[in-house]
Amino acid sequence: MELIQNTADLSAYLAADEVIDHHHPVVRAAAARLAAEATDSYEYARAAYEFVRDAIPHSRDSGDLRVTWRASGVLALGTGICHAKSHALAALLRAEDIPTALCYQRLTDDEGGHAVHGLVAVRFNGAWHRQDPRGNKPGIDARFSLDGERLAWIPDPASEETDYPVLYAEPHPAVLDALRAAPDRPHLRKTLPDAL
């Protein structure tokens, strides 16, 4: 699949905003801790990915009902669904000048419907590479990779699942609106889009 930037301006994938708030002290502190252990940008990106994947539980897996959406909030509270964790990873990567996009998949959910799943894509060596910081559990073994994707899920077209090729500089408005408006995770489950 060819990944398509929604803006040609690569600097948009380094920008800070209300969601990917990489100038926030919480984000800066986490980035500094991770950068202190890394010898280059690739090592930093892998360390940031593994930190978000492993140290911040997916709120559905942990049973946490809180909804986070801003990167600094995800890092401060230590919880988030796939979209929130993607925002946190994007902020950590952009904090160290690594272009990072938000991207999405449409997957079946465990209730017979569909859900939009959030990922990131990082730009290294002139190409975009998708990464899934969702968090591993039995049956899911996502890994940081610039040499072939190691995502949590591969969409099944027969089940009306798909990879969306667009790389967004900011969160998709439908996803962000649902995250902002949700008082808790059960409500969010009912309001997140099932397609983009």
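Residues numbered from 1 in each chain as written. Predicted model: local features only at pLDDT ≥ 70, side-chain atom pairs only at ≥ 80, totals over all residues. Heavy atoms only, no water.

Caption draft 1: Representation of the pattern of salt bridges within the structure. Counted by the stated rule, this structure contains 15 salt bridges. For Glu-18, the salt bridge goes to Arg-180, with nearest N and O atoms at 2.4 Å. A residue pair is termed long-range when its members are at least 10 positions apart, and Glu-18 in the loop between strand S1 (4-5) and helix H1 (25-37) and Arg-180 in helix H6 (residues 173-181) qualify at 162 residues. On the basis of relative accessible area, Glu-18 is assigned to the partly exposed category, the value being 43%. When its relative accessible area of 37% is taken as the criterion, Arg-180 is described as partly exposed. Arg-66 is paired through a salt bridge with Asp-64; the nearest N and O atoms lie 2.7 Å apart. Connected through salt bridges with shared partners, the residues Arg-60, Asp-110, Glu-111 and Arg-189 form a single ionic network. (Salt bridge = Lys/Arg side-chain N within 4 Å of Asp/Glu carboxyl O. Helix = DSSP H or I, 4+ residues; strand = E, 2+ residues; numbered from the N terminus. Buried < 20%, exposed > 50% of the residue type's maximum accessible area, 1.4 Å probe, protein only.)

Caption draft 2: The arrangement of the layout of surface pockets in detail. Roughly 660 Å³ of volume is contained in the largest pocket. Taken together, 26 residues form the lining of the largest pocket, with Arg-60, Asp-109, Ala-115, Val-116 and Arg-189 sitting closest to its centre. Contributing elements (two or more residues each) for the lining of the largest pocket: helix H3 (59-62), strand S2 (100-108), strand S3 (114-124) and helix H7 (185-191). Along the lines of polarity and charge, the residues of the lining of the largest pocket split into 10 nonpolar, 4 polar and 12 charged. (1 Å grid on protein atoms, 1.4 Å probe; cavity = no way out; pocket = protein on both sides within 12 Å on 5 of 7 lines; lining within 4 Å. Points joined across faces, edges and corners; volume = space filled by probe spheres on them. Nonpolar A, V, L, I, M, F, W, Y, C, P; charged D, E, K, R; others polar.)

Caption draft 3: View of the sheet that holds S3. With respect to topology, 4 strands assemble into an open sheet ordered S4-S3-S2-S5, the strand pairing being antiparallel. Of all strands in the sheet, those bounded by a partner on one side alone are strand S4 (127-131) and strand S5 (162-163). Note: S2 against S3, 9 bridges, orientation antiparallel. Bridge pairing in S3 places Leu-102 opposite Val-120. The strands that helix H5 (residues 82-95) touches are S2 and S3; relative to S3, the one it contacts most, it runs at about 10°. (Pairing = 2+ DSSP bridges. Contact = heavy atoms within 4.5 Å. Axes fitted to C-alpha atoms, helices over the stretch in contact; angles between N-to-C directions.)

Nothing here speaks to function; it is geometry throughout.
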